[in-house]
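Now for the letters of each chain:
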Amino acid sequence: MQAFRKLIGAWADTLKAIAGDTGVLLIVGIAPLLYGFFYPWPYGTQAVTRVPVAVVDYDHSSLSRQITRFAQASPRIDVRMVTGDEREAQQALWAGEIEGYAILPADLKRNVLRGKAAVVTVEADGSYALLNKAVLYGFAEAAGTVSAGVEIKKLQAGGQSALQANASRSPINLQMVALFNPTEGYGSYVVPAVALLIIQQTLLMGVGMLVGLWAETGRHRADAGTWLGRILAFSTVGYASGLLYFGWIFWLQDFPRGANTLGALVLLAFYIPAICTLGALLGTWFGNRERALQVLLFTALPMAFVSGFSWPAEALPDALQTLRWLFPSTAGIQASLRLNQMGAPLADVGGLLAVLAALTAVAGLLLLRFARPAKS
């Protein structure tokens with residue numbers, strides 16, 4: 001009973017310390033709320049549409065004009081210029097007026113009618129992957145639609161009916177359906193993963209700052225019961241941030257969510273304590289409030305890079321493929337995407353939860369060693 005009262009006392013004292021420290025409260029309480037509203041804002045459009053492009057028409061035939069009309073009808077691209085001079089299109093591209101252009105070569109229609117290969121070249125600015133993709137896909141769809149119509153007309157001219165020509169031209173139809181990102185939007189891809197990283201970084205910085213302050217005054221030295229109460233207090237604040245994102249922010253911003261709600265709640269019960277224990281260990285190690293903030297502030301991008309959602313983990317160097325599991329975000333992001341977006345059962349992420357539990361245990365043991373009470 002005394003041990004329980006001690007744990008509750010440490011829990012309450014830590015919550016009071018968080019509430020009384022303006023810097024820590026801003027990071028662990030206010031920052032997640034602000035990030036939840038403003039980080040998804042630029043991705044509200046989700047998919048890139050109406051990208052400005054040009055068409056360089058050297059053929060000036062009915063076929064080239066048909067390709068241009070289909071390009072103008074595409075929701076991906078917006079044909080701002082039709083010219084017979086590639087240099088003019090290049091100047092517009094370099095000036096940032098367009099993001100790409102297609103070259104319809106001379107004798108395009110003649111080659112098509114003769115059954116020769118006709119190549120439509122597309123030039124695009126590769127500096128922006130999403131814009132480049134929209135340009136390439138937009139022109140490819142326009143040229144592909146016209147090409148399909150030409151093939152069907154040739155088959156009909158050979159004696160086939162319209163149905164037969166369609167079946168001959170495309171004997172196997174492919175229908176692509178995005179299961180877990182129906183809009184195929186960039187926001188639905190990046191925000192649910194980065195949300196886990198936001199929770200981690202705000203907690204690491206806040207806990208590291210407060211424990212670093214304690215280390216400066218010697219308050220960090222405490223027994224296991226006291227530290228358990230402190231970690232539970234930090235986890236209480238962190239769990240509230242997790243519920244904010246999983247429950248409200250994802251709903252408000254209309255991101256994929258709730259596929260396995262119970263599993264997501266269980267994940268937070270493993271993820272949050274791992275972060276808080278690691279943050280306390282780092283705060284003890286840094287031994288300084290400002291140093292904890294300075295160091296942890298610049299770790300978000302490397303952690304995002306090695307987590308496996310923005311860059312294939314298999315493409316990382318072997319050393320990073322091992323070291324990345326030292327960060328709770330690696331296991332947390334992978335488990336969250338499977339549970340909250342894909343609806344995987346809890347058993348499918350058992351290994352990832354075990355990693356988080358192991359991180360909590362190891363960080364906790366090291367914390368108790370470095371922050372053990374001084375011998376009198």
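It should be noted that the structure appears before, not after, this text.
Notes on the structure follow.

The rules behind each value
Residues numbered from 1 in each chain as written. Predicted model: local features only at pLDDT ≥ 70, side-chain atom pairs only at ≥ 80, totals over all residues. Heavy atoms only, no water. Salt bridge = Lys/Arg side-chain N within 4 Å of Asp/Glu carboxyl O. Helix = DSSP H or I, 4+ residues; strand = E, 2+ residues; numbered from the N terminus. 1 Å grid on protein atoms, 1.4 Å probe; cavity = no way out; pocket = protein on both sides within 12 Å on 5 of 7 lines; lining within 4 Å. Points joined across faces, edges and corners; volume = space filled by probe spheres on them. Nonpolar A, V, L, I, M, F, W, Y, C, P; charged D, E, K, R; others polar. Buried < 20%, exposed > 50% of the residue type's maximum accessible area, 1.4 Å probe, protein only. Pairing = 2+ DSSP bridges.

To continue, consider the pattern of salt bridges. According to the stated counting rule, one finds 5 salt bridges in the structure shown. Arg50 is the salt-bridge partner of Asp78, the closest N and O atoms lying 3.5 Å from each other. Taken together, the positions of Asp78 in strand S2 (residues 77-83) and Arg50 in the loop between helix H2 (22-38) and strand S1 (51-57) put the pair 28 residues apart, joining distant regions of the chain. In this structure, Arg76 and Glu141 form a salt bridge, with 3.0 Å as the shortest nitrogen-oxygen distance. A residue pair is termed long-range when its members are at least 10 positions apart, and Arg76 in the loop between helix H3 (62-73) and S2 and Glu141 in helix H6 (residues 129-157) qualify at 65 residues. Each member of the salt-bridge network shares a partner with another, and the members are Arg50, Asp78 and Arg80.

Quick look at the layout of surface pockets now. Here the largest pocket is characterised by a volume of approximately 980 Å³. Lining the largest pocket are 25 residues, with Lys133, Asn181, Thr183, Glu184 and Gly185 positioned closest to its centre. Of all elements in the fold, only H6, helix H8 (186-217) and helix H14 (328-341) reach the threshold of two or more residues within the lining of the largest pocket. Classifying every residue of the lining of the largest pocket by side-chain character gives 15 nonpolar, 7 polar and 3 charged. Reported here for the second largest pocket is a volume of approximately 430 Å³.

This part takes up the pairing of strand S3 (residues 100-104). Along S3, 5 of the 5 residues are buried, which leaves the element largely enclosed by surrounding structure. Side-chain alternation along S3 places Gly100, Ala102 and Leu104 on one buried face and Tyr101 and Ile103 on a second face that is also buried. Where S3 lies against strand S4 (residues 121-124), 4 bridges are found, and the strand directions are antiparallel. Bridge assignment links Ala102 to a residue of S4, and that residue is Val122.

Geometric descriptors of this kind do not, in isolation, establish any biological role.
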